[in-house]
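# Report on the structure
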Amino acid sequence: QVQLEESGGGLVQAGESLRLSCVASGSVVSINKWAWWRQAPGKERDLIASITNGADQNYADSVNGRFTISTDNAKNAVYLQIHNLTPEDTAVYYCVSRGYSDSATFAKWGQGTQVTVSA
């Protein structure tokens, strides 16, 4: 069984920076893909960043240049560094992980972490 736990969300002011973290625990053997999604109030959940095999990064056009995704394989962790936050970044942020456990492949979602940006 693999679990994901996000942290780092909170209430910040516009223009500030934030770093979200997500750690996988349990019977993780390896992780080959991580992604961050977000869901703003009243909107659909959108993919905003992904990283494959620790190197190949992709970003949604709406966040490119302000968001950076990175991983720490030793910690089974992924991070999302966000700069110059705006009220439009207010959302619940979810991490997603795909990889191998000791029994099978897995794909897991975290429970989400709330980011609220005040003007």
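Structure's up top.
Starting afresh in each chain, residues are numbered from 1 along the sequence in its written order. A pLDDT threshold of at least 70 governs which residues receive local features in this predicted model, and a stricter bar of 80 or more applies before side-chain atom pairs are shown or counted, although totals over entire chains, interfaces and linings include all residues. Only hydrogens and water are set aside; all other atoms, that is, all heavy atoms of the structure, feed into the side-chain values.

### Re the overall build of the protein
What the protein contains, in helices and strands, is zero helices and 11 strands. Secondary structure elements are taken from DSSP: a helix is a run of H or I of four residues or more, a strand is a run of E of two residues or more, and numbering for both begins at the N terminus. Along the protein, helices (α) and strands (β) appear in the sequence β-β-β-β-β-β-β-β-β-β-β when read from the amino end. Taken along its principal axes, the extent of the C-alpha atoms in the protein is 45 × 25 × 25 Å. For the exposure calls, accessible area comes from a 1.4 Å probe over protein chains only, and a residue counts as buried if that area is under 20% of its type's maximum, exposed if over 50%, partly exposed in between. Burial statistics for the protein: of 119 residues in total, 40% are counted as buried. The Shrake-Rupley method, run with a 1.4 Å probe, gives the accessible areas here. Residue values count only the displayed protein chains as cover. Carbon together with sulfur atoms contributes 45% to the accessible area of the protein, which is approximately 6,300 Å² in total.

### So, the pattern of salt bridges
Each reported salt bridge corresponds to a side-chain nitrogen of Lys or Arg within 4 Å of a carboxyl oxygen of Asp or Glu. By the definition in use, this model includes two salt bridges. Arg38 serves as the salt-bridge partner of Asp89, at 2.9 Å between the closest nitrogen and oxygen. You can see Asp89 sitting in the loop between strand E8 (77-82) and strand E9 (91-101) and its partner Arg38 sitting in strand E4 (residues 28-39), a full 51 residues away along the chain. Each of the two residues, Asp89 as well as Arg38, counts as buried. With a shortest N-O distance of 2.9 Å, Arg66 and Asp89 are connected by a salt bridge. Of this pair, Arg66 sits in the loop between strand E6 (56-59) and strand E7 (67-72) while Asp89 sits in the loop between E8 and E9, and the two are 23 residues apart along the sequence. Relative accessible area serves as the criterion here: at 18%, Arg66 is assigned to the buried category. Put simply, Arg38, Arg66 and Asp89 are held in one network by salt bridges that share partners.

### Examining the packing of aromatic side chains
To pair, rings of Phe, Tyr and Trp, with the six-membered ring standing in for Trp, must have centres within 6.5 Å; the planes then decide the type, stacked if under 30 degrees apart, edge-to-face if over 60, and tilted in the middle. The final tally for this structure, using the stated rule, is two aromatic pairs. With centroids separated by 5.4 Å and ring planes inclined at 50°, the aromatic side chains of Trp37 and Trp109 adopt a geometry described as tilted. Placement of Trp37 in strand E4 and of Trp109 in strand E10 (residues 105-109) is noted, with a sequence separation of 72 residues between them. Note on Trp109: relative accessible area 40%, which makes it partly exposed. Consider the rings of Tyr94 and Trp109, whose centres lie 6.1 Å apart with planes at 75°: the pair is edge-to-face. Of this pair, Tyr94 sits in strand E9 while Trp109 is found in strand E10, placing the two residues 15 residues apart along the sequence. A cation over a ring is seen here: Arg19 above Tyr79, with NZ or CZ 4.2 Å from the ring centre. The rule is short: NZ of Lys or CZ of Arg within 6 Å of the ring centre and within 35 degrees of the ring normal puts a charge over the ring. Its end group placed over the ring of Tyr94, Arg45 keeps NZ or CZ at 3.7 Å from the ring centre.

### Here's the deal with the sheet that holds E8
Only strands joined by at least two bridges in the DSSP assignment are considered to pair. With antiparallel pairing, four strands are arranged side by side in an open sheet as E1-E3-E8-E7. Each having just a single partner strand, strand E1 (2-7) and E7 make up the two edges of the open sheet. Taken pair by pair, the neighbouring strands of this sheet meet at an average axis angle of 15°, ignoring direction. When E7 meets E8, the two strands line up antiparallel, connected through six bridges. Paired with Ile69 across the two strands is Leu80, which belongs to E8. Where helices are involved, their axes are fitted lines through C-alpha atoms of the stretch in contact, as for all axes, and angles between N-to-C directions lie from 0 to 180°.

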